[in-house]
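Chains, contacts and geometry: an overview
Next come the chains, spelled out residue by residue.
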Amino acid sequence: SIPSESRQVWQKFGVKEFGGKEEFQQEFIRHVETTLARSMYNCDDLAAYQAASQAIRDRLIVAWNKTQQKHTTKDRKRVYYLSLEFLMGRAMDNAMLNAGIKDITKSGVADLGFKIEDLLEQEPDAALGNGGLGRLAACFIDSIASTNYPGWGYGLRYQYGIFKQRIVDGYQVESPDYWLTFSNPWEIPRYEIQIDIMFYGYTRKYTNDDGKVVHVWEGGEQVQAVAYDVPVPGYGTETTNNLRLWASKPTREFDFEKFNAGDYESSVRESQKAETISAVLYPNDNFYSGKELRLKQQYFWVAASLNDIVRRFKKTHRPWKEFPDQVAIQLNDTHPTLAVVELQRILIDMEGVEWDAAWNIVTNTFGYTNHTVLPEALEKWPVPLFTNLLPRHMEIIYEINLFFLQKVEKMFPKERDLLGRVSIIEESSPQQVRMAYLAIIGSHKVNGVAELHSELIKTTIFKDFVTIYGPDKFMNVTNGITPRRWLHQANPKLCDLIASKVGSYDFLKDLNLLKKIEPFAHDPKFQDEWVTIKKFNKARLAAHIKQSNGYDVNVNALFDVQVKRIHEYKRQQMNIFGVIHRYLSIKAMTEEEKKEATPRVCIFGGKSAPGYYMAKTIIKLINAVSEVVNADTDVGDLLKVFFIADYNVSKAEIIVPASDISQHISTAGTEASGTSNMKFVLNGGLILGTVDGANIEITREVGENNIFLFGHLAESVEDLRHKHRFSDVPLDPNLEKVFNAIEIGTFGDPNIYVSLISSVTGSDYYLVSDDFQSYLDAQKLVDQDFKNKDTWVSRSITAVANMGFFSSDRAIDEYAESIWNIEPIAMD
Ligand code: GPQ
């Protein structure tokens, strides 16, 4: 419908890919001089980063447009990944790699007097997530694009990401992460996409002219959702998908009543409150806290996303029953579960679809991923709060529950207790809405994130639902990580070495090709190169530690790393108790014994939720031990302890490639999967871990000789906890010595650690004492084996060679095939 003369002009001047370095430079300078209104005389690293990223962004947008056009004309089923967290980290290096313009930009800026590394450092992390769950979403959208699936992410555009962490006097101190100070080149504001969202109000029903009962929801508070689009470039493909993040704004409707009453100021103030909805990320990991603003965030984001998805579907003029043939929606945890209710509401209240037909559409559309079995993490909203905020949704939930319970009663007429157990409404006071149950009932597939975890949800928290629905509704998709960021970007040298044996960089798209390096596991030359790269990465981390913690680190020591959110179930306390045990042992050593000991650098990092007292105490203890040990001249190089402040994605990219050993030591049955375990092994570090989460599958893939496992198994945890509750279990003797050292003030005021110690001497819910001896034994093995370079390095190489399974591309293929029923669309 565009006249051919116009079309020709469009095509003639359309923005093209960079033909080479000079075209990049031309664009770079244009952005410095026009977009930034600067010149060669006042272009610092920040301005250069901004200009370079603008130039790259322009190219991403071209590919983005092309992809969206293609996907629209192909008119095939899309997946929408709904996640309250996308822990993206930095975008620039990833964009250059995926678009294949790394060399052009690098030499392009070099000619102009800049180092690409310095420019990359200017970018703030997009830290819109807490930990594993948010990073998984980021890896997944990278893989969806890289494997050419049509798929979008939907999330919130928080103005403040996860807080920044400083350590003051050994304690965590939080400060706000305002990451949007300088405009964000990686987002495209879509001010024209504005969606009205309502809260509160009341419901009413009436009978229309056709004699049909119609439900309406009205009289509530309105806010507006504005879309910001973040292009997600695939690797080695033109496919560039979309991550749409919603920001809240006041509606155009001014509060005229107040305005007319002369209360202009307060009416403006009221309308500004709308912006608080998307202002800040809740900083809890694996923990539910029932704040109204959080439920508001959830509904705001879900309603905006569904409105968008439904609008797109309606443009195709298909009958409603074909909705699930066009749309798959994945619920990343229970946070977006309201989407189930919102879609049912749209269909029955707004579109006039009958209940049963609508419910069929809903359940065929959604899939639900569970990420934890920890009871304190399961979302349950108080009914009064829910009813007040979303009155119509509450009515629909009651209806969903009624039909569900009627079905269950028919199936199991004799099991009276069952109804109460599986009801969406928990009969506590106040009553609570169990979001996980709603998510299960509203989805056609429910998956866990590693084999053990997927088994555990079937036998524990969701057992009754397996009885009701049968086992086929429940499945496993083991997590994965993107090799683009976690191998190429974090460890370019290792990547080059691997490529020299694989014959290409194709392993970045097909990670199973890593197998090709296995024959070189004992090749002395390959081993030497392997070791050199590890040393280089350790030196890079050592430089960081020197800068942040002020200490010189011996890069020949064994680097022992535990970086992840601080949580009792992840057992950083066990690690630091182990460090204290090591310290006491070194103090008791003769000079001869010291010569035999393996020097270690113990590295910790991670944030505690701001209100999590025990986790904050653990951070304090780590820092207290660090201070004492690092200053003790008896110890020398044999032991150093560091807490690296403000662990985030960009720091992970430096820390992960530098580990010899990383610790993944959760109490068995508590860590759903873990994903950093995969990152460390992919970068040639070995794992010291428990038989938990994905550690089990990593062991199966890399071989049990290439991992250090210890501790009780998940199946014995319940019995052990029972013993602690009902009898006197003696404290592990080595742990007792550690506690004595703390209690006599070796690490400062012992009063600080009273509750931490009694959490172990008391009920020891996380079984620190039960696993301590086995942990120390495993550590001893690590010390011994590290001395034998050939075995250590060959294990490292063999492990990497067998990590292909843990690519998030594989995980996405599994979701696409068994949950979403979508197919890739080639970009030709
Ligand atoms: N996970 Cl429920 C989080 O990072 N935050 C959460 O609130 C919940 C789970 C993690 C989980 O602890 C890890 O074991 C997983 O590897 C990760 O989700 C991704 O599935």
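Given the structure is predicted, the values throughout are model-derived calculations rather than measurements. (Residues numbered from 1 in each chain as written. Predicted model: local features only at pLDDT ≥ 70, side-chain atom pairs only at ≥ 80, totals over all residues. Heavy atoms only, no water.)

1. Description of the overall build of the protein chain
Along its length, the protein chain carries 34 helices and 24 strands. Taken over C-alpha atoms, the radius of gyration comes to 28 Å for the protein chain, in line with the 28 Å a tight globule of 828 residues would show. A buried classification covers 59% of the 828 residues belonging to the protein chain. Here the analysis covers contacts within the protein chain between residues at least 6 apart in sequence; of these, 77% occur between residues at least 24 apart. (Helix = DSSP H or I, 4+ residues; strand = E, 2+ residues; numbered from the N terminus. Rg over C-alpha atoms; globule rule 2.2 N^0.38 Å. Buried < 20%, exposed > 50% of the residue type's maximum accessible area, 1.4 Å probe, protein only. Contact = heavy atoms within 4.5 Å.)

2. Thoughts on the pairing of strand S19 (residues 558–563)
Counting buried residues in S19 gives 6 out of 6 residues, a clear majority hidden from the surface. With burial as the criterion, each face of S19 is covered, one bearing Leu558, Asp560 and Gln562 and the other bearing Phe559, Val561 and Val563. Judged from the 6 bridges that link them, S19 and strand S20 (residues 600–605) form a sheet pairing that is parallel. Along S20, the bridge assignment pairs leucine 558 with arginine 600. As paired strands, S19 and strand S22 (residues 661–664) are joined by 2 bridges and run parallel to one another. In the sheet register, valine 561 faces S22, and the bridge partner there is serine 662. (Pairing = 2+ DSSP bridges.)

3. Comments concerning the state of the cysteines
Going through the model one piece at a time under the given rule, you end up with 0 disulfides. Free cysteine: cysteine 139, not disulfide-bonded; nearest cysteine sulfur from cysteine 495 at 15 Å. (Disulfide = S-S within 2.5 Å.)

4. Thoughts on the site of the ligand
Residues in close proximity to the ligand total 17 residues, the closest being Asn286, His371, Asn479, Glu671 and Gly674. The backbone of alanine 672 places a nitrogen or oxygen atom 3.3 Å from an oxygen atom of the ligand. Protein contacts shield 95% of the accessible area of the ligand, which totals 450 Å² for the unbound molecule. Residue classes in the shell around the ligand are distributed as 5 nonpolar, 9 polar and 3 charged. (Near = heavy atom within 4 Å. Polar contact = N/O pair within 3.5 Å; in protein donor to acceptor, adjacent residues only side chain to side chain. Areas by Shrake-Rupley, 256 points an atom, 1.4 Å probe, with all protein chains shown as cover. Nonpolar A, V, L, I, M, F, W, Y, C, P; charged D, E, K, R; others polar.)

5. Examining the environment of glycine 685
As for its position among the elements, glycine 685 is in the loop between helix H27 (676–682) and strand S23 (686–690). The exposure class of glycine 685 is buried, given its relative accessible area of 1%. C-alpha separation for the pair glycine 685 and alanine 658, spaced 27 residues apart in sequence, amounts to 7.7 Å. Residues within four places of glycine 685 in sequence aside, it is in contact with Lys534, Ser659, Asp660 and Phe680.

6. Details of the domain arrangement of the protein chain
Each domain of the protein chain was delimited in the assignment, giving domain 1 (14–74 + 91–124), domain 2 (75–90 + 125–477) and domain 3 (533–785). A separation of 42 Å is found between the C-alpha centroids of domain 1 and domain 3. (Domains from an automatic or database assignment.)

7. Focus: a nonpolar patch on the surface
The grouping of Tyr160, Tyr178 and Val280 at the surface amounts to a nonpolar patch, some 240 Å² of accessible area in total. Of note, valine 280 is situated in the loop between helix H9 (264–272) and helix H10 (292–314). (Patch = residues over 30% accessible without salt bridge, like charges linked within 9 Å, V, L, I, M, F, W, Y side chains within 5 Å. Salt bridge = Lys/Arg side-chain N within 4 Å of Asp/Glu carboxyl O.)

8. A short note on H10
For H10, built from 23 residues, the straight-helix expectation of 33 Å at 1.5 Å per residue is met to within 8% by its first-to-last C-alpha distance of 32 Å. Of all 23 residues in H10, 18 are buried, a share of seventy percent or more. (Expected span 1.5 Å × (residues − 1).)

9. Some remarks on the nonpolar core
It is characteristic of soluble globular proteins that their nonpolar side chains tend to be buried jointly. Of all hydrophobic cores here, the largest spans 231 residues; its most connected members are Trp246, Phe577 and Trp820. Inspection of this core shows a minimum of three residues originating in each of domain 2 (75–90 + 125–477) and domain 3 (533–785). Dropping the residues within four chain positions of it, phenylalanine 577 is found in contact with Leu621, Leu735, Val738, Phe739, Ile742, Leu756, Val760, Val768 and Phe772. One finds Phe28, Leu46, Phe114 and Leu120 within the second-largest nonpolar core, a separate group that totals 25 residues. (Core = buried A, V, L, I, M, F, W, Y, C linked by side-chain atoms within 4.5 Å.)

10. Considerations on the sheet that holds strand S14 (residues 380–382)
Taken in spatial order, the 3 strands make up an open sheet running S14-S16-S15, and their pairing is antiparallel. Both edges of this open sheet fall to S14 and strand S15 (425–426), since each of them pairs with a single strand only. When S15 meets strand S16 (residues 432–434), the two strands line up antiparallel, connected through 2 bridges. By the bridge assignment for S16, isoleucine 425 is matched with valine 433.

11. Concerning the side chain of aspartate 177
Residue placement: aspartate 177 occurs in the loop between strand S6 (171–175) and strand S7 (188–199). Here aspartate 177 sits buried without a salt bridge, and the closest side chain of opposite charge, lysine 164, lies 4.0 Å off (N-O distance). Look past the residues within four positions of aspartate 177 in its chain and what remains in contact with it is Ala127, Gln159, Tyr160, Gly161, Ile162, Phe163 and Lys164. (Lys, Arg positive; Asp, Glu negative; His and termini not counted.)

12. Considerations on helix H7 (residues 132–146)
Between its first and last C-alpha atoms H7 spans 21 Å; for 15 residues at 1.5 Å apiece the expected length is 21 Å, and the two agree. Taken across its 15 residues, H7 has 14 buried, putting it largely inside the fold. In the stretch just after H7, asparagine 148 is the one whose phi turns positive, near 65°.

13. Thoughts on the pattern of salt bridges
Per the counting criterion, the structure on display carries 50 salt bridges. Close ionic contact of arginine 38 with aspartate 44 constitutes a salt bridge, the shortest N to O distance being 3.7 Å. By relative accessible area, aspartate 44 is classed as partly exposed at 38%. Here aspartate 93 makes a salt bridge to lysine 102, at a shortest N to O gap of 2.9 Å.

14. Describing the packing of aromatic side chains
Summed over the entire model, instances satisfying the criterion amount to 35 aromatic pairs. Site record: aromatic cluster; members linked through ring pairs are Phe18, Phe24, Phe28 and Phe114. For lysine 679, the ring lying beneath its charged end belongs to tryptophan 486, and the centroid distance is 4.3 Å. Of note, arginine 721 hangs over the ring of tyrosine 765, and the distance from its end group to the ring centre comes to 3.6 Å. (Phe/Tyr/Trp six-rings, centres within 6.5 Å; stacked < 30°, edge-to-face > 60°. Lys NZ or Arg CZ within 6 Å of the ring centre and 35° of its normal.)

15. Let's talk about the sheet that holds strand S18 (residues 474–476)
With mixed pairing, 9 strands are arranged side by side in an open sheet as S7-S10-S11-S4-S1-S12-S13-S17-S18. The sheet terminates laterally at S7 and S18, the two strands that pair on one side only. Strand-to-strand twist in this sheet, taken as the mean axis angle between neighbours without regard to direction, amounts to 25°. Together, strand S12 (327–332) and strand S13 (366–369) form the strand contacts of helix H13 (residues 355–365), whose direction differs from that of S13 by roughly 45°. (Axes fitted to C-alpha atoms, helices over the stretch in contact; angles between N-to-C directions.)

16. A few points about the environment of alanine 801
In this structure, alanine 801 sits in helix H33 (residues 789–801). Apart from the residues within four sequence positions on either side, alanine 801 is in contact with Leu514, Lys515, Ile517 and Glu518.

17. Some details on the environment of asparagine 98
Within the secondary structure layout, asparagine 98 lies in helix H4 (residues 92–99). The exposure class of asparagine 98 is buried, given its relative accessible area of 3%. For the pair asparagine 98 and histidine 581, spaced 483 residues apart in sequence, the C-alpha to C-alpha distance is 46 Å. Not counting the four nearest positions on each side in its chain, asparagine 98 is found in contact with Asp142, Ser146, Pro233, Gly234, Tyr235, Gly236 and Arg484.

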